[in-house]
Amino acid sequence: MNWDDSTPAPADEAPDADDARLVGSSADGEDQAVEAALRPKSLDEFVGQERVREQLDLVLKAALARGATADHVLLSGAPGLGKTTLSMIIAAEMNAPIRITSGPAIQHAGDLAAILSSLQEGEVLFLDEIHRMSRPAEEMLYMAMEDFRVDVIVGKGPGATAIPLELPPFTLVGATTRAGLLPPPLRDRFGFTGHMEFYEPEQLERVVHRSAQLLDVEIDAEGAAEIAGRSRGTPRIANRLLRRVRDYAQVKVDGLITQEVAAAALRVYEVDARGLDRLDRAVLTALLKLFGGGPVGLSTLAVAVGEERETVEEVAEPFLVREGLLARTPRGRVATPAAWAHLGLVPPQQAFGTSGQRGLFGA
């Protein structure tokens, strides 16, 4: 229900392996088409992110009361949490048109100048993956955000001339998955900054119920809870799992999604009760069975799994670390007691320390 249809990130930020995963957070063409139909239209319809939603509601209502454009807004957080959705809601709440582009699409200052010069007064400019914008364009954006003016350089060398171009007041909404890569001068020019958190299962249940209603899918409370619990705290994944479970229910049963139907469907798609898929379990299995729970180097672990080092590090590890199943240490990757328990394996004694000393996790 709340998710992004942002431009796919390059290999250095989200390896291609993530695109093909059912529990991947990147949006493919099918996701973007479905999300457009399911996307909420107002802050009242938006589920989750209560703190950001409440703060943003105040910012927008105050701007409307003053008859002014809203402050520039920066939204940060993992893919699939609702940054693009909120940008469209901002435009709708302000009764303004929206222009959508992305950082990778702006490689030259002239690209940004062309976009800015065509904006209407009060228009919302949504700039996805803003941290990947080129440095010359970034420096031009400073002046545009602060003074609503840009200097267009005409000519080259000693004969170059800067022509000032006045811009109508507009609202920039920037979205980033890596807020730490934004330079401080750019970050400081945003009047409001909101960080998107991962969703709780109860919130995802509401997302699943709403999406099921819009998709004309029958689902009971237990079925929604089963899907929500395997969705990694991400609405985009919840909606993707819902569509796959819907397919299973239509083919195998009478179309009603119950807890048993959802669990059976997701077993077919290899998504377990904690939201781990084949790649996640392969990493944990190799770490536990081949290396006794670690520590083991990332390259060695990747070879054991048969994947690229970057795929293991960028695609599988973040969720495993967040779930407390794997730890990154100076000596290498180490499995936690929860990983052994999740796979139903008994850890060797040395996995938790030897010689009477307490191990890494205090066991």
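Preceding this section is the structure that the text describes.
Each residue is numbered by its place in its chain's sequence as written, counting from 1. Per-residue local features of the predicted model are confined to residues with pLDDT of at least 70, and side-chain atom pairs are confined, for both listing and counting, to 80 or more; whole-chain, interface and lining totals are unaffected and use all residues. With hydrogens and water excluded, all non-hydrogen atoms of the structure serve as input to the side-chain values.

## Here we look at the nonpolar core
A general tendency of soluble globular proteins is for nonpolar side chains to be buried together. Grouped together as the largest cluster of nonpolar side chains are 48 residues, with contacts concentrated most on Leu-86, Ile-219, Ile-227 and Ile-257. Helix and strand assignments come from DSSP, with helices taken as H or I runs of at least 4 residues and strands as E runs of at least 2, each series counted from the N terminus. Broken down by element, this core gets its largest block of residues, seven residues, from helix α9 (residues 235–252). Should any heavy atoms of two residues lie within 4.5 Å, those residues are counted as being in contact. Discounting residues that sit within four places of it in the chain, Ile-227 has contacts with Val-208, Ile-219, Ala-238, Leu-241, Leu-242, Val-245, Ile-257 and Ala-262. Here, nonpolar core means buried Ala, Val, Leu, Ile, Met, Phe, Trp, Tyr and Cys residues that are tied together by side-chain atoms lying within 4.5 Å of each other. Buried residues are those whose accessible area, probed at 1.4 Å on protein chains only, stays under 20% of the maximum for their type, while exposed residues exceed 50% and partly exposed ones sit between those limits.

## Quick look at the packing of aromatic side chains
For Phe, Tyr and Trp, rings pair up if their centres lie within 6.5 Å, where Trp contributes its six-membered ring, and each pair is then called stacked (planes under 30 degrees apart), edge-to-face (over 60) or tilted (otherwise). Across all of its chains, the model carries one aromatic pair by this definition. Relative to Phe-170, the ring of Phe-148 lies with its centre 5.5 Å away and its plane at 80°, an arrangement referred to as edge-to-face. Taken together, the positions of Phe-148 in the loop between α5 (135–147) and β4 (149–154) and Phe-170 in the loop between β5 (161–166) and β6 (171–176) put the pair 22 residues apart, joining distant regions of the chain. Consider the ring centre and the ring normal. A charge sits over the ring if Lys NZ or Arg CZ is within 6 Å of that centre and within 35 degrees of that normal. Note that Arg-232 overlies the ring of Phe-319, its terminal NZ or CZ placed 3.9 Å from the centroid. When the ring centre of Phe-198 is taken as reference, the NZ or CZ atom of Arg-322 above it lies at 3.6 Å.

## Regarding the pairing of strand β8 (residues 326–329)
Looking down a regular strand, the side chains alternate between one sheet face and the other. Two strands qualify as a pair provided that DSSP identifies no fewer than 2 bridges between them. As paired elements, β8 and strand β9 (residues 332–335) share four bridges and run antiparallel to each other. Within β9, the position partnered with Arg-328 by the bridge is Arg-333. Taking the residues between adjacent antiparallel strands as the criterion, β8 and β9 are bridged by two residues.

## Brief notes about the side chain of Glu-226
With respect to the secondary-structure elements, Glu-226 resides in helix α8 (residues 221–229). On the accessibility criterion, Glu-226 (16% relative accessible area) is buried. Not counting the four nearest positions on each side in its chain, Glu-226 is found in contact with Gln-259, Ala-262 and Ala-263.

## Comments concerning the sheet that holds β6
The strand order β2-β3-β6-β1-β7 describes an open sheet built from five strands, whose pairing is parallel. Each edge of the sheet is formed by a strand with only one pairing partner; in this case those strands are β2 (98–102) and β7 (192–195). For this sheet, the mean inter-axis angle between neighbouring strands, taken without regard to orientation, is 15°. Pairing of strand β1 (residues 73–76) with β6 involves four bridges; the strand directions are parallel. What sits directly across from Ser-76, in β6, is Thr-176. Against the sheet, helix α3 (residues 83–93) makes contact with β1, β2, β3 (124–128) and β6, and its axis sits at roughly 175° relative to β3, the strand it touches most. Every axis corresponds to a line fitted to the C-alpha atoms, with the helix fit spanning only the stretch in contact, and the corresponding angles, defined between N-to-C directions, vary from 0 to 180 degrees.

## Things to note about the side chain of His-131
Relative to the elements of secondary structure, His-131 occurs in the loop between β3 and α5. Residue classification places His-131 among the buried residues on the basis of a relative accessible area of 10%. Of the polar contacts made by the side chain of His-131, one reaches the side chain of Thr-176; its length is 2.7 Å. Here a polar contact means two N or O atoms within 3.5 Å. Within protein one must be a hydrogen donor candidate and the other an acceptor candidate, and residues neighboring in sequence count only if both atoms are side-chain atoms.

## Observations regarding the pattern of salt bridges
Only one rule defines a salt bridge in this text: a Lys or Arg side-chain nitrogen within 4 Å of an Asp or Glu carboxyl oxygen. On inspection of all chains with the given rule, the structure shows 16 salt bridges. A salt bridge links Glu-45 to Arg-210; the nearest nitrogen and oxygen atoms lie 3.1 Å apart. Here Glu-45 is found in the loop between α1 (29–38) and α2 (50–66), whereas its partner Arg-210 is found in helix α7 (residues 201–214), with 165 residues between them in sequence. Within this structure, Arg-244, Arg-246 and Asp-247 form a network of salt bridges that share partners.

## Digging into the environment of Gly-80
Mapped onto the elements of the fold, Gly-80 is located in the loop between β1 and α3. For the pair Gly-80 and Pro-235, spaced 155 residues apart in sequence, the C-alpha separation works out to 6.3 Å.

## A short note on α9
Look at α9: 25 Å from first C-alpha to last across 18 residues, which is about the 26 Å you get at 1.5 Å a residue. Along α9, 14 of the 18 residues are buried, which leaves the element largely enclosed by surrounding structure. Any helix carries an expected span of 1.5 Å times its number of residues minus one.

## Topic: the environment of Asp-272
Examined against the element boundaries, Asp-272 turns out to sit in the loop between α10 (259–268) and α11 (278–290). The exposure class assigned to Asp-272 is buried, which follows from its relative accessible area of 14%. Between the alpha carbons of Asp-272 and Gly-229 there is a distance of 9.7 Å; along the sequence they are 43 residues apart. Setting aside anything within four residues of it in sequence, one finds Asp-272 in contact with Arg-230, Arg-281 and His-342. A distance of 2.9 Å separates a polar atom in the side chain of Asp-272 from the backbone nitrogen of Leu-276.

## A closer look at the packing of α11 against helix α13 (residues 309–322)
The contact between α11 and α13 brings their axes to 10 Å, and the two run at 90°. Here α11 is positioned roughly perpendicular relative to α13, judged by the angle of their axes. Two secondary-structure elements touch here, α11 through Leu-279, Asp-280, Val-283 and Leu-284 and α13 through Thr-311, Val-312, Val-315, Ala-316 and Leu-320. Basically, the charged four are Asp, Glu, Lys and Arg, the nonpolar ten are Ala, Val, Leu, Ile, Met, Phe, Trp, Tyr, Cys and Pro, and anything else, Gly included, counts as polar. Tallied by class, the residues present in the contact of α11 with α13 amount to seven nonpolar, one polar and one charged. Any angle between 65 and 115 degrees counts as roughly perpendicular, while under 35 counts as roughly parallel, over 145 as roughly antiparallel, and the rest as oblique.

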